[in-house]
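Okay, here's what each chain looks like letter by letter:
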Amino acid sequence: MAESQETNVRVAVRVRPLLPKEKLEGDEMCVRLNTNAAQLILGKDRGFTFDDVFGTKTTQVELYDTCVQSLVNKIFQGYNATIFAYGQTGSGKTYTMGSGNMSIMEEEYGIIPRALQVMFDIMKTKTNVDFSIKVSYIEIYKEELQDLLDMQTPIKELHVREDDKGNTVIVGAREVECESLDDVMSSLESGSAMRHTGSTQMNEHSSRSHSIFTVVVGQKWTEDDVLASKRKQSESSNDIFDDEISHYMSGKFHFVDLAGSERAHRTGNVGDRFKESVHINSGLLALGNVISALGDPKKKAQHIPYRESKITRLLKDSLGGNANTLMICCISPSLSSFDESLNALKYANRARNIKNKPIVNRDVQSIRFQEMQSEIKALREELARQRTSMLSAGPRDKPSEQAEQVKELENKVIKLQTECAHYKMIAEEAYKQLIQIQEKDMLSRSQNVRLKDWLDLMEEVFSHAV
Ligand SMILES: Nc1ncnc2c1ncn2[C@@H]1O[C@H](COP(=O)(O)OP(=O)(O)OP(=O)(O)O)[C@@H](O)[C@H]1O
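Note that the structure is a prediction, hence the values are computed from the model and not measured.

A. Just the site of the ligand, in detail. Looking at the ligand, there are 16 residues lining it, with Thr89, Lys93, Thr94, Ser206 and Ser207 nearest. Here Lys93 contributes a side-chain N or O atom positioned 2.7 Å from an oxygen atom of the ligand. Tyr95 has a polar backbone atom sitting 2.8 Å from an oxygen atom of the ligand. Here the ligand loses 80% of its free accessible area of 630 Å² to cover by the protein chains. Considering each element in turn, the shell around the ligand owes the most residues, 3 residues, to helix H4 (residues 93-97).

B. Spatial organisation of helix H2 (residues 60-67). Of all the positions in H2, only Gln60, Leu63, Tyr64 and Cys67 are classed as buried. Seen along its axis, H2 keeps its buried residues to an arc of 105°; they face one direction. The inward-facing, buried residues of H2 contact strand S2 (10-15), strand S6 (52-54), helix H3 (69-76), H4, helix H5 (111-125) and strand S17 (323-331).

C. Here's a closer look at unusual backbone geometry. With a phi close to 45°, Lys142 is a non-glycine residue in the positive phi region. Examined against the element boundaries, Lys142 turns out to sit in the loop between strand S8 (130-141) and strand S9 (144-147).

D. Molecular detail of the confidence of the model for the protein. Per-residue confidence for the protein gives a mean pLDDT of 84, with 84% of residues at or over 70. Here the predicted complex carries an ipTM of 0.98, next to a pTM of 0.75.

E. Inspection of the pattern of salt bridges at higher detail. Under the defined criterion, the tally for this structure stands at 7 salt bridges. For the salt bridge of Asp317 with Lys252, the shortest nitrogen-to-oxygen distance reads 3.3 Å. Taken together, the positions of Asp317 in the loop between helix H12 (310-314) and S17 and Lys252 in strand S16 (residues 246-257) put the pair 65 residues apart, joining distant regions of the chain. Note on Lys252: relative accessible area 12%, which makes it buried. Close ionic contact of Lys452 with Asp456 constitutes a salt bridge, the shortest N to O distance being 3.2 Å. Of this pair, Lys452 and Asp456 both sit in helix H15 (residues 445-465), 4 residues apart, which is roughly one turn of that helix.

F. The arrangement of the packing of aromatic side chains in detail. For the coordinates displayed, the defined rule picks out 6 aromatic pairs. Where Phe76 meets Phe131, the ring centres are 5.8 Å apart and the plane angle is 75°; that geometry is what we call edge-to-face. With a gap of 55 residues between them, Phe76 in helix H3 and Phe131 in strand S8 connect regions that are remote in the sequence. Since its relative accessible area comes to 6%, Phe76 is described here as buried. A relative accessible area of 17% means that Phe131 is categorised as buried. Judged by centre distance (5.0 Å) and plane angle (80°), the rings of Tyr137 and Phe213 are edge-to-face. Of the two residues, Tyr137 is situated in strand S8 and Phe213 in strand S15 (residues 210-222); the sequence distance between them amounts to 76 residues. Each member of the pair Tyr137 and Phe213 is classed as buried. An aromatic cluster of at least three residues, connected via ring pairs, comprises Tyr137, Phe213, Phe253 and Phe255. One cation-aromatic arrangement involves Lys74 over Tyr79; the distance from NZ or CZ to the ring centre is 5.1 Å.

G. Inspection of the pairing of S17 at higher detail. Summarising burial for S17: 9 of the 9 residues are buried, a large majority. What you see with S17 is no split at all: Ala323, Thr325, Met327, Cys329 and Ile331 on one side and Asn324, Leu326, Ile328 and Cys330 on the other are buried throughout. Bridge analysis of S2 against S17 gives 6 bridges, and the strand direction is parallel. Across the sheet, residue Arg10 finds its bridge partner in S17, namely Leu326. Here strand S7 (residues 80-87) pairs with S17 via 8 bridges, running parallel.

Basis of the calculations
Each chain has its residues counted from 1, following the order in which its sequence is written. With the structure being a predicted model, the display of local features is reserved for residues of pLDDT at least 70 and the display and counting of side-chain atom pairs for 80 or more, all residues being used for whole-chain, interface and lining totals. To obtain the side-chain values, all non-hydrogen atoms of the structure were included, while hydrogens and water were left out. Neighbouring residues are identified by heavy atoms, a residue being near a molecule or strand if any of them is within 4 Å of it. Identification of polar contacts relies on pairs of N or O atoms within 3.5 Å, with a donor-acceptor requirement for protein atoms, meaning one able to donate a hydrogen and the other able to accept it, and with residues adjacent in sequence counted only if both atoms are side-chain atoms. Using a 1.4 Å probe, accessible areas were evaluated by the Shrake-Rupley method; residue-level cover was limited to the displayed protein chains. Secondary structure elements are defined from DSSP: runs of H or I of at least 4 residues count as helices, runs of E of at least 2 residues count as strands, and each element is numbered from the N terminus. Relative accessibility decides the category of a residue: with a 1.4 Å probe and only protein chains considered, values under 20% of the type maximum give buried, values over 50% give exposed, and everything between is partly exposed. Here the arc refers to the directions that run from the helix axis out to each C-beta atom. Any two residues whose heavy atoms approach within 4.5 Å are treated as being in contact. What pLDDT reports is the predictor's confidence in each residue, on a scale of 0 through 100. For this analysis, a salt bridge means a side-chain nitrogen from Lys or Arg found within 4 Å of a carboxyl oxygen belonging to Asp or Glu. By convention, a stacked pair of Phe, Tyr or Trp rings (six-membered ring in the case of Trp) has centres within 6.5 Å and planes under 30 degrees apart, an edge-to-face pair has planes over 60 apart, and any other such pair is tilted. Charge-over-ring contacts are defined here by two conditions on Lys NZ or Arg CZ: a distance within 6 Å of the ring centre and an angle within 35 degrees of the ring normal. DSSP bridges decide pairing: two strands pair if at least two such bridges lie between them.

In structure tokens, the structure reads:
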């Protein structure tokens, strides 16, 4: 199999508009963008460059088209993908991911509903493939996993594990098989309603947990399904297709809405809310440490502290692992959030250096079949090459060489025949002359004997020639 290519974590920044409350309070903007250069300037002169920057007027569909659609395509090629939204509380993470309130206008739908809509559209077009869609939805609240699709599942039964291919797996979480977009949306909605949210001074509906909505797209097909038309075309070339071999490929999409980073004094949190803050910030701190370690070439060879928190264990295959990952850093444009925005941008900037190595999730039988197909192709090419060389070398050189030899021989024969005819004519003439000489009886006895021998010989030669 081909070696997988390294790819950087893609980092986009989205600046939300000033909220009505901020406008009322007379908040000033402190962010400028140069979208063509993917540059963002915070305050007077703190410049940052990212893979994409989205301003206050960027619509949900523009963001989706620019950096999410390509990941949806990757899922159908059997790769894993992760999108995680990071940012200060109230900066627009839930709005961007689309995992919040669904009673909104369709154009305000965020990433998750859009991605799923496109997935179902793609599935409709590939009638040869048997698709399955399974979703799960969990949250990490105060360092405990909670199944948002089945609140009865005891916390202790949920675990984060790593399989032999380096994929992160949540063991014990309920997986819901979905037949339609409506099925997915109802799981997303009911799960989101179960999420721990609360009101803080910074955000009326603040997510107090990290949430992970996971979609697994399975694809099953047989050679008979997919190659039927190809077989028809190549019947004459004796191609071999094995109908019995079935293929399975899957792609896992994690949509992660992180809890907002916050400063206790600004959120005004006390009591339980403050305890939540501590957990949220320690999880995000652990994530920051992982990002720093992965993004720093000097630290990379060292230990990466994935095990420091649940969220870092869960994102292990998305950061420095085998997934295609997009980080969306959400920031507020308000001057009052300058420090938080600066921190978030530094965090995001480090993430740009992280390299992943995406791999395709295919079953062993499929992989062996592909190898066999390659071997057959190579052998067929070799055969074709041999045939061509036989055809070009053989028929052109040998017959032409032989023909030349034959022609040469024919010429020789003609020449010899002419010579022969010439000698024959002279010999016949000599024979007649010598007969006359013999009849005149003018030679000695010994000369007569020798002449008679020669005439006998000539007669014998003439009798054979006839
Ligand atoms: N791009 C945007 N355009 C319009 N409104 C936005 C945008 N981004 C966010 N908002 C609004 O800002 C408010 C806060 O957004 P949201 O709840 O998504 O923040 P959050 O980062 O998820 O916060 P928390 O971490 O506290 O959960 C919401 O009222 C949301 O509708």
